[in-house]
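Listed below, chain by chain, are the residues.
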Amino acid sequence: VGFRSSMELKKKLRTATLEEVKREGRNYSVVQRKRRILKYLESHTYINGRDTEMLNGCSQYMALNDLKELKGDGLITQIGRSRQIIYIKNREAKK
């Protein structure tokens, strides 16, 4: 699909002002973030990276790192690959 913008749209974009949107920093510790993920999984079937970011108010890097550590500890299992990864809580995991 080819997209050609109108001259009117181009003029509006040239004069548009941008503003920075800051995330609300909740500053949870690593332990608190992991507890929140596990608590979320008690009431939901699965969680993904984006849900983790929103839940803990953290960056994508921190969210994925927390999920990776929980997976390494054997508390959650990864299902899927690439951009379609979800995590579920292991049934036999210790609380």
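Remember, it's a predicted structure, so these values are computed and weren't measured experimentally.

Novice: I'm lost on the overall build of the chain in this one. Help?
Specialist: On a plain count of helices and strands, the chain comes out with four helices and two strands. Secondary structure elements in the chain, listed N-terminal to C-terminal, are α-α-α-α-β-β. Computed over C-alpha atoms, the radius of gyration of the chain comes to 19 Å, more than 25% over the 12 Å expected from 2.2 N^0.38 for 95 residues, which places it beyond the range of a compact globule. Taken over the C-alpha atoms alone, the chain extends approximately 60 × 35 × 20 Å along its principal axes. Counting all 95 residues of the chain, 23% fall into the buried class. Partitioning the contacts of the chain with sequence separation of at least 6, the portion at a separation of at least 24 is 43%. Carbon and sulfur atoms form 50% of the exposed surface of the chain, whose accessible area is close to 8,200 Å².

Novice: I tried to follow the environment of Y46 on my own but got confused; where do I start?
Specialist: Assignment of secondary structure puts Y46 in the loop between α2 (30-43) and α3 (49-56). Assessed through its relative accessible area of 40%, Y46 is described here as partly exposed. Sequence spacing of Y46 and Y87 is 41 residues, and the spatial spacing of their C-alpha atoms is 5.5 Å. Setting aside anything within four residues of it in sequence, one finds Y46 in contact with Y40, L41, I86, Y87 and I88.

Novice: Would you mind going over α2 with me for this structure?
Specialist: Owing to its 3.6 residues per turn, the α-helix brings residues three or four apart onto one side. Spanning 14 residues, α2 covers 21 Å between terminal C-alpha atoms, matching the ideal 20 Å at 1.5 Å per step. Looking only at α2, the buried set comprises R33, K34, I37, L38, Y40 and L41. The buried residues of α2 all sit within an arc of 155 degrees when viewed along its axis, so they share a single face. Every exposed residue of α2 that faces more than 90 degrees away from the buried side is listed here: R35, K39, E42 and S43. The inward-facing, buried residues of α2 contact α3, α4 (60-72), β1 (76-79) and β2 (86-89).

The rules behind these values
Residues numbered from 1 in each chain as written. Predicted model: local features only at pLDDT ≥ 70, side-chain atom pairs only at ≥ 80, totals over all residues. Heavy atoms only, no water. Helix = DSSP H or I, 4+ residues; strand = E, 2+ residues; numbered from the N terminus. Rg over C-alpha atoms; globule rule 2.2 N^0.38 Å. Buried < 20%, exposed > 50% of the residue type's maximum accessible area, 1.4 Å probe, protein only. Contact = heavy atoms within 4.5 Å. Areas by Shrake-Rupley, 256 points an atom, 1.4 Å probe, with all protein chains shown as cover. Expected span 1.5 Å × (residues − 1). Arc of directions from axis to C-beta.

Everything listed here is a matter of geometry and, on its own, says nothing about what the molecule does.
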